[in-house]
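# Topology and contacts: notes
Now for the letters of each chain:
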Amino acid sequence: MPGTWLTGARSAAATNVVDAGPRHWRAVLLGLTDLDGPDSAADSLDELERLAATDGIDVTDRVVQARNRPDPVTYVGSGKVRELAELVETRQTDLVIADSELTPAQVRGLEDGTGVRVVDRTGLILDIFAEHARSSEGKAQVELARLTYELPRLRGHGREMSRIGGGRMAGGAGVGVRGRGEMRLEIQRRHLRRRMRTLREQVRRTARRREVTRQRRVRDRVPSVAITGYTNAGKSALLNRLAGADAEVADVLFATLDPLVRQARTPEGRTYTLTDTVGFVRRLPHQLVDAFRSTLEEVTRADLALHVVDASAPQAAEHIVTVRAVLRDIGAQDVPELLVLNKADLAEPEQMSILRRLHPDALAVSARTGAGLDDLRDALRNRLEALSPSSQARTDRPAAGEGSL
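Residues numbered from 1 in each chain as written. Predicted model: local features only at pLDDT ≥ 70, side-chain atom pairs only at ≥ 80, totals over all residues. Heavy atoms only, no water.

Okay, the nonpolar core next. Ile-57, Ile-97, Leu-124, Phe-129, Phe-254 and Phe-280 are the most contacted members of the largest nonpolar core, which totals 53 residues. The contact partners of Leu-124, leaving out residues within four places of it in the chain, are Leu-48, Leu-51, Ala-52, Asp-55, Ile-57, Ile-97 and Val-119. By size, the runner-up hydrophobic cluster in this structure holds 24 residues, among which are Val-225, Leu-238, Tyr-272 and Leu-380. (Core = buried A, V, L, I, M, F, W, Y, C linked by side-chain atoms within 4.5 Å. Buried < 20%, exposed > 50% of the residue type's maximum accessible area, 1.4 Å probe, protein only. Contact = heavy atoms within 4.5 Å.)

This is how it looks when you write it as structure tokens:
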């Protein structure tokens, strides 16, 4: 069901995100492509359609405008908006999803021109994260990201958001003085800022607890391996295979958001930890990167990054580039990487040949069938043995804690 985070008291800021409720949404995707590359938007819109499906939205059509920069008022230009409005009416769709983060002015321009709600890529991803967050930490991180996104997008709704009692009031209080002359819009902003401060402190407390756990693992000389990669690459399935875990596995984007840490052992009995982290997509909203920074630090603090790739995805090579870019953004570019081409059983031979040529050191595995997992375990053993003595796990005692750490 789309719009889970809007269930209950709806924020007035969330005017460009899908409403909660049983309604079945139908949407038109809207994107831009460079004048010199008319097909450059196809892959991005394919991913946007998968995001929409994850959020329970049916996509009826796509509209692509060739221009080198977005129109500041309507995103795609007034002529394309008229064409879009006709399509919306003909196809009886009730939602437009733009493949970019829109400014408030662009949202208003598109909504005024089409007569339907407009959602941008960032709002859609935030909606999905809100639906899939399970733990209190995940919910707090998603809400913080959402409020960071909403705050600059607060806008009035006609007269109800106009200044109340403006001008010089009885008793000599002038415009700008708190009290009867304050705008409802400003009250909402102050409320959001207070809530964001509360959430930041909650996330900081969780981060401190996580740091204590990390320090305990360092003290016990337990190496850490962080599983990272593009969303839906099979990270959780691989965690289950390597550590005997029971992480949720689903063929949807962002099925799991909360980091899951499990204990595993090499064939010789060396103990290490495996951490399943949130998946990435192209143009991952910066609000989410900031809010989930403490969670993503599981990668920056790891001894080894197990970079899992869906080898069957046509854009697998681009996914590798995207993930490495995000890892650079969070400061994890120096963490040693072991590249794993998962879903090798589903990949076309030509696709595997290309990936192997591009990444000759990568391992081909299938978390579904178990193929290649022995080679992966051997590679993990070799990488862990190469760690400095201070990071090596002792085999004469278990790691601190069993199961979830």
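Spatial strand order, S2-S1-S3-S4: four strands in an open sheet with parallel pairing. Lying at the two open borders of the sheet, with one neighbouring strand each, are strand S2 (57–66) and strand S4 (117–120). Strand-to-strand twist in this sheet, taken as the mean axis angle between neighbours without regard to direction, amounts to 25°. Direction of pairing for strand S1 (residues 25–33) relative to S2: parallel, over a ladder of nine bridges. Within the sheet, the bridge partner assigned to Trp-25 lies in S2 and is Ile-57. Set on the sheet, helix H3 (residues 104–114) makes contact with S1 and S4; between it and S4 the angle comes to about 145°. (Pairing = 2+ DSSP bridges. Helix = DSSP H or I, 4+ residues; strand = E, 2+ residues; numbered from the N terminus. Axes fitted to C-alpha atoms, helices over the stretch in contact; angles between N-to-C directions.)

On to the confidence of the model for the chain. Looking at the chain as a whole, the pLDDT averages 80, with 77% of positions reaching at least 70. Across residues 4–22, confidence stays below pLDDT 50; counting only partners more than four residues off in sequence or on other chains, it has 63 contacts. Every residue in residues 156–181 scores below 50 in pLDDT, and together they form 28 contacts with partners more than four places removed in sequence or on other chains. (pLDDT = per-residue confidence, 0-100.)

Let's shift gears to helix H10 (residues 316–329). Taking 1.5 Å per residue as the helical rise, H10 with its 14 residues ought to reach 20 Å, and the 20 Å between its terminal C-alpha atoms agrees with that figure. If you check which residues of H10 are buried, you get Ala-316, His-319, Ile-320, Thr-322, Val-323, Val-326 and Leu-327. Projected onto a plane normal to the axis of H10, the buried residues spread over an arc of 165° and lie on a single side. Counted as exposed and oriented over 90 degrees from the buried face of H10: Val-321, Arg-328 and Asp-329. (Expected span 1.5 Å × (residues − 1). Arc of directions from axis to C-beta.)

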